[in-house]
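# Observations on the model geometry
Listed here are the chains, written in short residue letters.
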Amino acid sequence: MAEPTFDARVSPLAHLAERMRAAAVTGARGVTLTEWPFVTMVNLRVAPASAAADRIEKTLGARLPRRCGHTTSAGPHTVVWLGPDEWLVLSQAEPAMVTAELREALDGDRGSVVDVSANRTTLELSGPSARQVLEKGCPLDLHPRAFAPGRAVSTTVGPVAVVLWQVDDAPTYRLFPRSSFADYLARWLIDAMSEYRSPEVP
């Protein structure tokens, strides 16, 4: 008889789950903060105009975005541009499977495929006031004319380096800080959200 298996992982922000729930603001000035733990993240480096890149695109079912800020998505995968020959693959599939498939597609050509899932966690900030919360500490122009759904860039929020991805026009943002800085960033966001509990000052 097989022994039962269990997931012994603990997310970087499990200890703040209740504080994040309590910080949620509803209504016209609403904003919520949630951790999405254990998202598969694979760092990919390959020459974009190469046979290996073509094989990787077929494996992912999505093109590798070629411009800063752009993303592409297909099925369980979203590909984020990090540099001229570097991407972050975000996936709902198992890390080992995604990594193995991409390495097989690389087929010994120059490049690298590295599972970095444990390196970062995912915070989701959503609601009518989400952009205003981020604007307290992000140097980007987040107005819809400059930053819209599908855009993702490396930036800072407060003093923390993140990859910031706008998912939809709710707006919903996903932030990918390194796990060691996640606690600081979550507390910073919780504090930045607090003013939206009060009515807007005319």
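Look up a bit, the structure's there.
As a starting point, this report considers the structure included with it.

Conventions we followed
- Residues numbered from 1 in each chain as written.
- Predicted model: local features only at pLDDT ≥ 70, side-chain atom pairs only at ≥ 80, totals over all residues.
- Heavy atoms only, no water.
- Pairing = 2+ DSSP bridges.
- Helix = DSSP H or I, 4+ residues; strand = E, 2+ residues; numbered from the N terminus.
- Axes fitted to C-alpha atoms, helices over the stretch in contact; angles between N-to-C directions.
- Contact = heavy atoms within 4.5 Å.

Right, let's get into the sheet that holds strand E6 (residues 111–115). If you trace the 5 strands from one edge of the open sheet to the other, you get E3-E4-E5-E2-E6, paired in antiparallel fashion. The sheet terminates laterally at strand E3 (71–74) and E6, the two strands that pair on one side only. Each adjacent strand pair in this sheet contributes to an overall mean axis angle of 20 degrees, direction not counted. Looking at chain direction, strand E2 (residues 40–46) and E6 are connected through 5 bridges and run antiparallel. When the sheet's bridge partners are listed, Arg45 is paired in E6 with Ser112. Contacting E2, E3, strand E4 (77–83) and strand E5 (86–91), helix H2 (residues 51–60) runs over the sheet at an angle of about 155 degrees to E2.

With antiparallel pairing, 5 strands are arranged side by side in an open sheet as E1-E7-E10-E9-E8. Both outer strands of the open sheet, strand E1 (32–36) and strand E8 (152–157), are each paired with one neighbouring strand and no more. Between one strand and the next, the sheet's axes are offset by a mean angle of 30 degrees, whatever the strand orientation. Across 6 bridges, E8 lies against strand E9 (residues 160–168) in antiparallel orientation. Each residue of the ladder has a partner; that of Thr155, found in E9, is Val162.

Taken by themselves, the reported measurements are silent on function.
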